[in-house]
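Chains, contacts and geometry: an overview
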Amino acid sequence: MTIAVINTLLRPLLEARLPDWVEPRWYTSKEEVFALAPEAEIGWFDMYSKADVIEAVTSATRMRWLNTVFAGLDWFPLDVMAQRGVRLTNGAGINAITIAEYVVMGMLSFAKDYPAVLRAQARGEWLKDAPGKRELFESKALILGYGAIGQEIDTRLAAFGVEVTKVRRSPGPGTLGPDEWRARLGEFDWVILAVPQTPETEQMIGAAELAAMKPDAVLINIARGGVVDQAALVAALQDRRIGGAFLDVTTPEPLPQDHPLWSLDNAVVTMHLSGRAQTRMFERAAERFLRNLSAFRAGGALESEVDLARGY
């Protein structure tokens with residue numbers, strides 16, 4: 001038997017469908033997961049506190065496979081896992097659909113200046129004209145990061161008639177390589193960040209990149225706060241050197257109440273909610289976990305397996 005330590009929230013989705021070689025140990029609290037983790041050969045330790053997840057992973061010395069719904073792994077103890085030979089599968093793609101929908105919402109919000117409409121409603125004012133007159137049709141978007149989320153964004157923007165350019169490690173038609181996109185930043189109306197946070201992507205959007213963007217371009221970040229130099233972004237927004245920023249992620253999180261991003265009328269902060277704006281996250285994660293169980297036992301490739309050296 002292989003011991004799997006799993007959050008009891010997933011029990012209704014998994015218990016009746018687990019193979020007979022898996023012995024589940026369900027936990028309902030962090031104290032229970034800390035007690036059970038040293039026995040785990042398969043672990044699924046998702047909890048709200050990152051520190052609690054790290055403690056559970058670190059104490060799971062028998063673990064051979066860790067599964068998580070988290071997509072961003074920059075805070076995981078990847079070095080410890082690599083030393084122990086633990087395989088890791090993450091939640092990449094689980095939330096891709098809802099995050100892609102959030103990106104479209106953000107673009108439409110800026111194109112039509114929907115916040116101004118809401119402010120007029122709050123004042124009880126009947127506007128005589130539309131405050132935003134941009135169209136997505138025939139605008140140009142750059143997607144930095146073309147994984148599951150980037151691909152879902154691309155699919156949706158095609159329906160709006162947006163001309164999309166992607167940044168990938170292997171450039172091809174309609175794509176740019178990692179060293180090519182900066183020289184072309186001034187061409188795009190929308191710059192969309194969908195990259196993992198790694199040492200390579202840390203503050204990849206800084207003062208120079210913001211200066212190279214079009215004056216009315218909008219930066220959309222659904223990646224991680226750390227891929228943007230936030231101080232440089234605030235300065236660019238305050239000076240209106242770019243059109244705006246739609247930020248689902250910030251540094252830090254939660255954003256302090258006195259942070260200037262809250263009060264800027266050309267910034268929208270959506271509190272890292274894009275992946276949560278759905279009801280099917282755990283259902284999708286459970287289905288992937290069940291598919292991966294057979295592959296794990298056979299020693300085969302796992303869906304969404306992470307390269308621990310790269311961090312994604």
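Remember, it's a predicted structure, so these values are computed and weren't measured experimentally. (Residues numbered from 1 in each chain as written. Predicted model: local features only at pLDDT ≥ 70, side-chain atom pairs only at ≥ 80, totals over all residues. Heavy atoms only, no water.)

A closer look at the overall build of the protein
Within the protein, the regular secondary structure consists of 10 helices and 12 strands. Since a compact globule built from 312 residues should have a radius of gyration of about 20 Å, the 21 Å found for the protein is in line with a globular shape. Taken along its principal axes, the extent of the C-alpha atoms in the protein is 70 × 45 × 35 Å. By the burial criterion, 49% of the 312 residues in the protein qualify as buried. Looking at the protein alone, contacts between residues at least 24 apart form 56% of all its contacts between residues at least 6 apart. Counting every atom, the protein has about 15200 Å² of accessible surface; 53% of that belongs to carbon and sulfur. Between the centroid of the 33 positive side chains of the protein and the centroid of its 40 negative side chains there is a distance of 3 Å. (Helix = DSSP H or I, 4+ residues; strand = E, 2+ residues; numbered from the N terminus. Rg over C-alpha atoms; globule rule 2.2 N^0.38 Å. Buried < 20%, exposed > 50% of the residue type's maximum accessible area, 1.4 Å probe, protein only. Contact = heavy atoms within 4.5 Å. Areas by Shrake-Rupley, 256 points an atom, 1.4 Å probe, with all protein chains shown as cover. Lys, Arg positive; Asp, Glu negative; His and termini not counted. Charge placed at Lys NZ, Arg CZ, Asp CG, Glu CD.)

Re the sheet that holds strand E10 (residues 218–221)
Reading across the sheet, the seven strands line up as E8-E7-E6-E9-E10-E11-E12 and stay open at both edges, with parallel pairing between neighbours. Only two strands of the sheet have a single neighbouring strand rather than two, namely strand E8 (175–176) and strand E12 (267–269). Docked against the sheet, helix H9 (residues 230–238) engages E10, strand E11 (244–247) and E12, running at close to 135° with respect to E11. (Pairing = 2+ DSSP bridges. Axes fitted to C-alpha atoms, helices over the stretch in contact; angles between N-to-C directions.)

Examining a nonpolar patch on the surface
Residues Tyr114, Val117 and Leu118 make up a contiguous nonpolar surface patch of roughly 250 Å² in combined accessible area. Tracing the sequence through the fold places Tyr114 in helix H6 (residues 114–123). (Patch = residues over 30% accessible without salt bridge, like charges linked within 9 Å, V, L, I, M, F, W, Y side chains within 5 Å. Salt bridge = Lys/Arg side-chain N within 4 Å of Asp/Glu carboxyl O.)

Looking at helix H7 (residues 148–159)
Helix length check: H7 (12 residues) gives 18 Å between terminal C-alpha atoms against 16 Å at 1.5 Å per residue, within 8%. The set of residues buried in H7 consists of Ile149, Gly150, Ile153, Asp154 and Leu157. For H7, the angular spread of the buried residues around the axis is 135°, confining them to a single face. Along H7, the residues that are exposed and aim more than 90 degrees away from the buried face are Thr155, Ala158 and Ala159. Packing partners of the buried residues in H7 comprise helix H5 (96–111), strand E6 (140–144), strand E7 (163–167) and strand E9 (190–193). Remark: Gly161 follows H7 within two positions and exhibits a positive phi of approximately 75°. (Expected span 1.5 Å × (residues − 1). Arc of directions from axis to C-beta.)

Describing the packing of aromatic side chains
This model, assessed by the stated rule, comprises seven aromatic pairs. Between Trp65 and Phe296, the ring centres sit 5.1 Å apart and the planes meet at 35°, which makes this aromatic pair tilted. Placement of Trp65 in strand E4 (residues 65–67) and of Phe296 in helix H10 (residues 281–298) is noted, with a sequence separation of 231 residues between them. Here Trp65 and Phe296 have matching classes, each one buried. (Phe/Tyr/Trp six-rings, centres within 6.5 Å; stacked < 30°, edge-to-face > 60°.)

Quick notes on the sheet that holds strand E1 (residues 2–7)
On the basis of which strands lie adjacent, the open sheet formed by five strands has the order E2-E1-E3-E4-E5 and parallel pairing. Since the sheet does not close on itself, it has two edges, and those belong to strand E2 (22–27) and strand E5 (87–89), each with one partner. If you compare each strand with its neighbour and ignore which way they point, the axes differ by 15° on average. As paired elements, E1 and E2 share six bridges and run parallel to each other. Along E2, the bridge assignment pairs Asn7 with Tyr27. Across the sheet, H10 touches E1, E2, strand E3 (42–44), E4 and E5, and the angle it forms with E3 is around 170°.

With respect to the packing of H5 against H7
The contact between H5 and H7 brings their axes to 8 Å, and the two run at 50°. Viewed along their axes, H5 and H7 adopt a mutual orientation that is oblique. The two elements H5 and H7 cross, and the hand of that crossing is right-handed. On H7, the residues touching Ala96, Ile97, Ile99, Ala100, Glu101, Val103, Val104 and Met107 of H5 are Ala148, Ile149, Glu152, Ile153, Arg156 and Leu157. Tallied by class, residues from the contact of H5 with H7 come to 11 nonpolar, no polar and three charged. (Parallel < 35°, antiparallel > 145°, perpendicular 65-115°, else oblique. Left-handed = near helix turned anticlockwise from the far one by under 90°. Nonpolar A, V, L, I, M, F, W, Y, C, P; charged D, E, K, R; others polar.)

Thoughts on the side chain of His259
In this fold, His259 is placed in the loop between E11 and E12. Here Gln230 takes part through its side chain, which lies 3.3 Å from a polar atom of the side chain of His259. Contact partners of His259, with chain neighbours within four places excluded, come to Gln230 and Val234. (Polar contact = N/O pair within 3.5 Å; in protein donor to acceptor, adjacent residues only side chain to side chain.)

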